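In case you want the letters, here they are:
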2 protein chains.
Amino acid sequence: MKRLDWNTLDETARREALARPAQARADELKQGVAAIIAQVRAHGDVALRELSAKYDRCALDAIEVTAAEFDAAEAALDEALKSAIREAAGRIDTYHRASQPRSVGVETAPGVRVERMLRPITRVGLYVPAGTAPLPSTALMLGVPAAIAGCREVVLCSPARADGRCDEAVLFAARVTGVHRVFKLGGAQAIAAMAYGTDSVPKCEKLFGPGNAWVTEAKLQVSGDPEGAAIDMPAGPSEVLVIADDVARPAFVAADLLSQAEHGEDSQVVLLSPSAALLDAVAAEVDRQVATLPRSETALKALAQSRLIAVDSLAQAVEVSNRYAPEHLIIQTDEPRALLDGIESAGSIFLGSWTPESVGDYCSGSNHVLPTYGYARSYSGVSVASFVKQISVQEVSADGLRAIGPCTVTLAAAEQLEAHRRAVSMRLDVLESRA
Amino acid sequence: MKRLDWNTLDETARREALARPAQARADELKQGVAAIIAQVRAHGDVALRELSAKYDRCALDAIEVTAAEFDAAEAALDEALKSAIREAAGRIDTYHRASQPRSVGVETAPGVRVERMLRPITRVGLYVPAGTAPLPSTALMLGVPAAIAGCREVVLCSPARADGRCDEAVLFAARVTGVHRVFKLGGAQAIAAMAYGTDSVPKCEKLFGPGNAWVTEAKLQVSGDPEGAAIDMPAGPSEVLVIADDVARPAFVAADLLSQAEHGEDSQVVLLSPSAALLDAVAAEVDRQVATLPRSETALKALAQSRLIAVDSLAQAVEVSNRYAPEHLIIQTDEPRALLDGIESAGSIFLGSWTPESVGDYCSGSNHVLPTYGYARSYSGVSVASFVKQISVQEVSADGLRAIGPCTVTLAAAEQLEAHRRAVSMRLDVLESRA
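Just so you know, these numbers come straight off a predicted model, no measurement behind them. (Residues numbered from 1 in each chain as written. Chains lettered and ligands numbered in written order. Predicted model: local features only at pLDDT ≥ 70, side-chain atom pairs only at ≥ 80, totals over all residues. Heavy atoms only, no water.)

Engineer: Please explain helix 5 (residues 136–149) of chain B as it appears in this structure.
Structural biologist: Residue pairs three or four apart in sequence face the same way in an α-helix, which turns once every 3.6 residues. Residue and element names in this part refer to chain B. Spanning 14 residues, helix 5 covers 20 Å between terminal C-alpha atoms, matching the ideal 20 Å at 1.5 Å per step. With 13 of 14 residues buried, helix 5 lies mostly within the body of the structure. Just past helix 5, the residue G150 takes up positive phi, approximately 85°. (Helix = DSSP H or I, 4+ residues; strand = E, 2+ residues; numbered from the N terminus. Expected span 1.5 Å × (residues − 1). Buried < 20%, exposed > 50% of the residue type's maximum accessible area, 1.4 Å probe, protein only.)

Engineer: Where do I start with helix 16 (residues 418–434) of chain A in this structure?
Structural biologist: An ideal rise of 1.5 Å per residue puts 24 Å on 17 residues; helix 16 of chain A measures up with 24 Å between its terminal C-alpha atoms. Those residues of helix 16 of chain A lying buried are E418(A), A419(A), H420(A), A423(A), V424(A), S425(A), M426(A), R427(A), L428(A) and L431(A).

Engineer: What's the story with the packing of aromatic side chains in this structure? I'm lost.
Structural biologist: One pair of aromatic rings is described through two measures. These are the centre distance and the angle between the planes. Within the structure shown, the criterion is met by ten aromatic pairs over all chains. Measuring from ring centre to ring centre gives 5.4 Å for F252(A) and W354(A), while their planes differ by 65°; the resulting arrangement is edge-to-face. With F252(A) in helix 9 (residues 250–261) and W354(A) in the loop between strand 13 (348–351) and helix 14 (357–362), this pair connects stretches of sequence that are 102 residues apart. For F252(A), a relative accessible area of 1% translates into the label buried. Plain terms: the ring middles of Y375(B) and Y379(B) are 5.6 Å apart, the flat faces sit at 90° to each other, and that makes the pair edge-to-face. Judged by relative accessible area, Y375(B) falls into the buried class, the value being 9%. Three or more aromatic residues link up through ring pairs in this structure, and these residues are Y373(A), Y375(A) and Y379(A). Across from the ring centre of Y324(A), 3.8 Å away, lies the NZ or CZ of R20(A), which sits over that ring. (Phe/Tyr/Trp six-rings, centres within 6.5 Å; stacked < 30°, edge-to-face > 60°. Lys NZ or Arg CZ within 6 Å of the ring centre and 35° of its normal.)

Engineer: Help me understand the relation of the copies chain B and chain A, please; the structure alone is not making it clear to me.
Structural biologist: One copy of the chain maps onto the other through a rotation about an axis followed by a shift along the same axis. The two copies are related by a screw motion: chain B maps onto chain A through a turn of 180° and a shift of 0.0 Å along the axis, at an RMSD of 0.0 Å. Both copies are brought into coincidence by an operation consistent with a two-fold rotation axis. Considering only C-alpha atoms, the part of chain B nearest the rotation axis is P101(B), at 3.6 Å. (Least-squares fit on C-alpha atoms with pLDDT ≥ 70 in both.)

Engineer: Looking at this structure, I do not really get the UniProt feature "binding site: NAD(+)" (unreviewed entry) in chain A. What am I missing?
Structural biologist: Residues and elements named next belong to chain A. UniProt feature "binding site: NAD(+)" (unreviewed entry): in the numbering of this structure it lies at Y127, Q189 and N212. Considering the C-alpha atoms alone, the annotated residues occupy 86 residues of sequence yet fold into one spot, their largest mutual distance being 12.4 Å. Looking at Y127, its side chain comes within polar contact range of the main-chain nitrogen of G187, at 2.9 Å. Inspection of the secondary structure puts Q189 in helix 7 (residues 187–196). Take Q189: its relative accessible area is 1%, and that puts it in the buried class. With residues near it in sequence (within four places) discarded, Q189 still touches I36, V40, L48, L51, S52, Y55 and D56. (UniProt positions renumbered as here; feature names shortened; annotations may be inferred. Polar contact = N/O pair within 3.5 Å; in protein donor to acceptor, adjacent residues only side chain to side chain. Contact = heavy atoms within 4.5 Å.)

Engineer: Hey, could you run me through the state of the cysteines in this one?
Structural biologist: Working definition of a disulfide: a covalent bond connecting the sulfur atoms of two cysteines. Inspection of every chain in the model, using the stated rule, returns zero disulfides over all chains. In this model C204(B) remains outside any disulfide bridge; the closest cysteine sulfur is found in C157(B), 7.7 Å from its own. (Disulfide = S-S within 2.5 Å.)

Engineer: Explanation requested: the interface of chain B and chain A in the structure shown.
Structural biologist: In this assembly, 121 residues from chain B lie in contact with 120 residues from chain A. For the pair chain B and chain A, the summed buried area comes to about 10,300 Å², and 58% of that belongs to carbon and sulfur atoms. There are eight salt bridges connecting chain B and chain A. Joining chain B to chain A, the criterion identifies 64 residue pairs in polar contact (both at pLDDT 80 or more). (Buried area = accessible area lost by both parts, 1.4 Å probe. Salt bridge = Lys/Arg side-chain N within 4 Å of Asp/Glu carboxyl O.)

Engineer: Got a minute to help me understand the packing of helix 3 (residues 67–76) of chain A against helix 6 (residues 168–176) of chain A in this structure?
Structural biologist: When two helices pack together, their arrangement is captured by the angle between the axes and the distance separating the axes. Residues and elements named next belong to chain A. Look at helix 3 against helix 6: their axes get within 8 Å of each other, and the N-to-C directions meet at 110°. If you check the angle between helix 3 and helix 6, you find them roughly perpendicular. Every residue of helix 6 that contacts helix 3 at A67, E69, F70, D71, A73, E74 and A76 is listed here: E168, L171, F172 and R175. A class-by-class count of the residues in the contact of helix 3 with helix 6 yields six nonpolar, no polar and five charged. (Axes fitted to C-alpha atoms, helices over the stretch in contact; angles between N-to-C directions. Parallel < 35°, antiparallel > 145°, perpendicular 65-115°, else oblique. Nonpolar A, V, L, I, M, F, W, Y, C, P; charged D, E, K, R; others polar.)

Engineer: Sorry, what's going on with the pairing of strand 4 (residues 123–127) of chain B here?
Structural biologist: Residue and element names in this part refer to chain B. Of all five residues in strand 4, four are buried, a share of seventy percent or more. Direction of pairing for strand 4 relative to strand 5 (residues 153–157): parallel, over a ladder of five bridges. By the bridge assignment for strand 5, R123 is matched with E153. Of the pairings in the sheet, the one linking strand 4 to strand 7 (residues 206–208) comprises three bridges and is parallel in character. Counterpart to G125 in the pairing with strand 7 is L207. (Pairing = 2+ DSSP bridges.)

Engineer: Would you take a moment to explain the pairing of strand 2 (residues 104–109) of chain B for this structure?
Structural biologist: When a strand is regular, its side chains alternate between the sheet's two faces. All names here are of chain B. For strand 2 and strand 3 (residues 112–120), the ladder comprises five bridges, and the chain directions are antiparallel. Note that in strand 3 the partner of E107 across the bridge is R113. Joining the antiparallel neighbours strand 2 and strand 3 is a turn of two residues, in which G111 adopts a positive phi near 85°.

Engineer: Sorry, what's going on with the sheet that holds strand 11 (residues 307–310) of chain A here?
Structural biologist: Sheets are built from strands that pair by backbone hydrogen bonding, the pairs being arranged parallel or antiparallel. The mixed open sheet is built from nine strands, whose spatial order is 1(A)-11(A)-10(A)-9(A)-12(A)-13(A)-14(B)-3(B)-2(B). Because the sheet does not close on itself, it has two edges, and the strands there are strand 1 (2–5) of chain A together with strand 2 of chain B. Here the strands of the sheet are splayed against their neighbours by 20° on average, with no regard to which way each runs. As judged from the four bridges shared by strand 12 (residues 328–332) of chain A and strand 13 of chain A, these two strands associate in the parallel manner. Pairing of I330(A) across the sheet is with F350(A), part of strand 13 of chain A.

Right under this line is the structure:
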C-alpha cells in the first residue's frame, strides 16, 4: 500500500493520489460490444445461444428458467442460507419502503392544484453477475425495490454455468423478491436482449445492476439509443474510503479495507487518518490478514494501488473524502456522526466500529448498488425512486385560471409564443363573457 | 393533420401512427459536436470566443455577465414582466418545496439504524436557450429547484445576441432564482465549458436544460465521459397528446394543439377521441386558428405530421396514450380524474377545460423540463430530486451486530467473499470475548 502525507503533496500530486484507474472505453471494447448488440438485435434468440456458447461456454437449451428449475434450486439450498436470504430481504424491504417517494399535492394558488403522481416503470430488467462468484445479494438489492415500486414485469438475467444452470441462490433470491422471469444470459448479450427484446426476452424500459466491463459498456450504449433502455447509473470498479482516528481498532479497519480489496484487482482502497500510529498499525494488520485470504492474490494487486494518507485533522479527512467522492465511506472515529454534516458526496456511509461495509453489502437494509468512480458526486444509489416515474398533474378551475392566466399571458408574450398565449386568453375571454 | 381510425389499423400501421420523427444522431452531428468539445477542452476560453463568433455571430468580450449587466437588464424590463416572473417563481417554488425529497431514518432491526441523508450536487450547470426566442421560463424551471436543493454553485449559460448581450428577461429570471453566475455561451461549446471547465467557467457535476440538436448531442457525449458531467435526461422535440370526448370545447383543444405545434417543425401533436364529431370540429378549428399565428409556417409543418386518431372509447385512448408515453398529456373529458388511474407514462398531465398546457409551461408550479421522445416511459421531469444525492447512512450498535452479523456471515460465505465474512466474524469474536 502506498503511504502518503497529504500536506506534503502539491496539487498535481494530490490529484494523482486520488486518481482512479483509467477506465478508458477502449475502442476495441466499444466495437466488440456494439457488434454483440447488433447481432442480438438482428438475430434474437439464435444470437443469444451462439453468444452464450462462445462467452459463457454454455450450450443453452431453453433460455428461460422454468418453474421446475426454480423448485430444484430451492430444494438444493440449505435451510440456513435460505433463511438468511429471507431475513436480508426483510430488512432491505423495511428500509426501502420507509424511504420510498410519496405522492404529494398542493394548491399553488386558489383553484390551482398541482400534484406529484407516482407510476412504476412498466418493465424493468435486472442484471445479476454470476461468473466466478454468483451474487444472490444483488438479486435482492434490485428485486426488492422493483417489487415495492410495483413494476408490472420484472425480468432478471444471470449467466448460466457450463452445466446450463443458473446459480441456485440467485434463483431463490429472485423468487423471494417476486421476480417474474429469469433468463440464463450474461454479458453484453444479456443487456442487449433486455434493451431491445427477443422472442424469449421481453424488451425492458430500464436496466439495473453491476457487471464486468462488457456489461457496463453495453449499458452505456443502449442508454444512448432512444430505442434501447434507460440504465440505473454508469459504473466502475468498487471502492471504499475509511476515515479513522486513533480510537479505531486497526484490525477492524484492516478487515474493512480487505473486504473491498478482495473484489477485484482494480478495487479502490483508501484510508485517511490524522494518526500516524493508526496508519502504521493498519498497514501491519493488512499484511497479517491478507496472507490467509483465499483471494489474497487479487487483494494484493488491489492493495498495491491503495493509499494510506496522513491528514492533519478529521476536518481535512472530510475535505479529501469529498474530493474523492467514494462509493463506500466508513467512519471509524471517536464521534462518527459529528463528521456527517461536512460530508458532501458518497454512495453509502458506515458509522462506527460495529458497522463494517459488509452489513450494507448484505442485510442492514440499505442498497449496495451504488455510484462508483466519482459518480457519487452526481448520482444516488439504487432505490425505489429508481423504479418509478414522478409525473406532475395539474388541475386548474375557472377561478384558478382567472388568477394565474394573466401571468401566463405575460410570459408567453415575452417569449413570443403567441399560440401559448392564445390558449389562455381564449379561455379567459370565454370566462369573461359568462360573467 | 392526418386522420386515422385506431381500430382499422394493423400492428405495423399502429406503430407508424405513433412513431416519432427519426432522431438519428447523424454521424456528421456527432463528429461536429465531438470536435467542438475537444476544442473547448484543449483551448478553453480562447475556443469559447472563437466558437461564439462562429456560431452565435457574437464577438465576446468578457464571457461572464457582470453585475452591471444584471442591473441594466432589470432596469430595461417593464414592471409587468418582472412582476409576472416573480409571481411564476413563487408558485414554482411552492410546488417544488412541497414535493422535494425528505430525509428518513428507520431501525431495520434492534440496534441497526439506516437513514437516507440528502446532499445537494455541489456545482450544477443550467442551459437556457435564447436564439430565436429566449426562454426566461426555463431559467426559472431550473434555477428554482437548484436553489431549494441548496447547490453551492449554480452556473447558467445562455447564448448572447449579436450585440454581445444576454436576453434581459433571462438575466432577471436567473437573478430571481439566486443563480450565482451567468455566461454568454450557447450550443455545444456551452455544454463543453460547463462539463469540463475553463478559466472562466467552473466545471459542473451535472448539467440541465433543453436545447437544439447540438446541445442535446453534446449533453449525451459529456455524460458518457467520467470526466464530463451527468445530465438531467436525454431529449427530443417537444410533444403533446390530448384525450378529448364530446364534452371538450373544440376551440380549446385546437388552441392547445397549436401551442405545441408552434414550438418547431418537428413538434409532435396527437389527438385521441371516441367522438368523430369532436375530431371534425377540432380539425376545422385548427385550420381557422393557425391562419393568424405569427409562427403559422412552423406550426403548419408540425401539423402536417400530426395525428387525429379515432378510438372506440376513453379506455382505448388511455391505452394508446400509454403506448406513446407523451411529454405533455392533456385530458379534456367529462371526468378527467377518472382516467388518471390508468395512466402509466407521461411527463406532465393537464386536467380539464381550464388547464391548458401553457400554465404548466409557465407558472402553475410544475416543471416544464420534461422527458420527450418516449423517454417518459422511464424518466421523470426535472425536480429538486434531480439536484440532490440521496446517501444512505447506517449505524450498527454492538447489539445490532450480534443481531444481523450471523446473516451477513452466511451470505458472504455463500458468495465466497471471505474478507467480507471476516470483517464481521472478527467483530463478533471481539464482542463474544467481552461477554
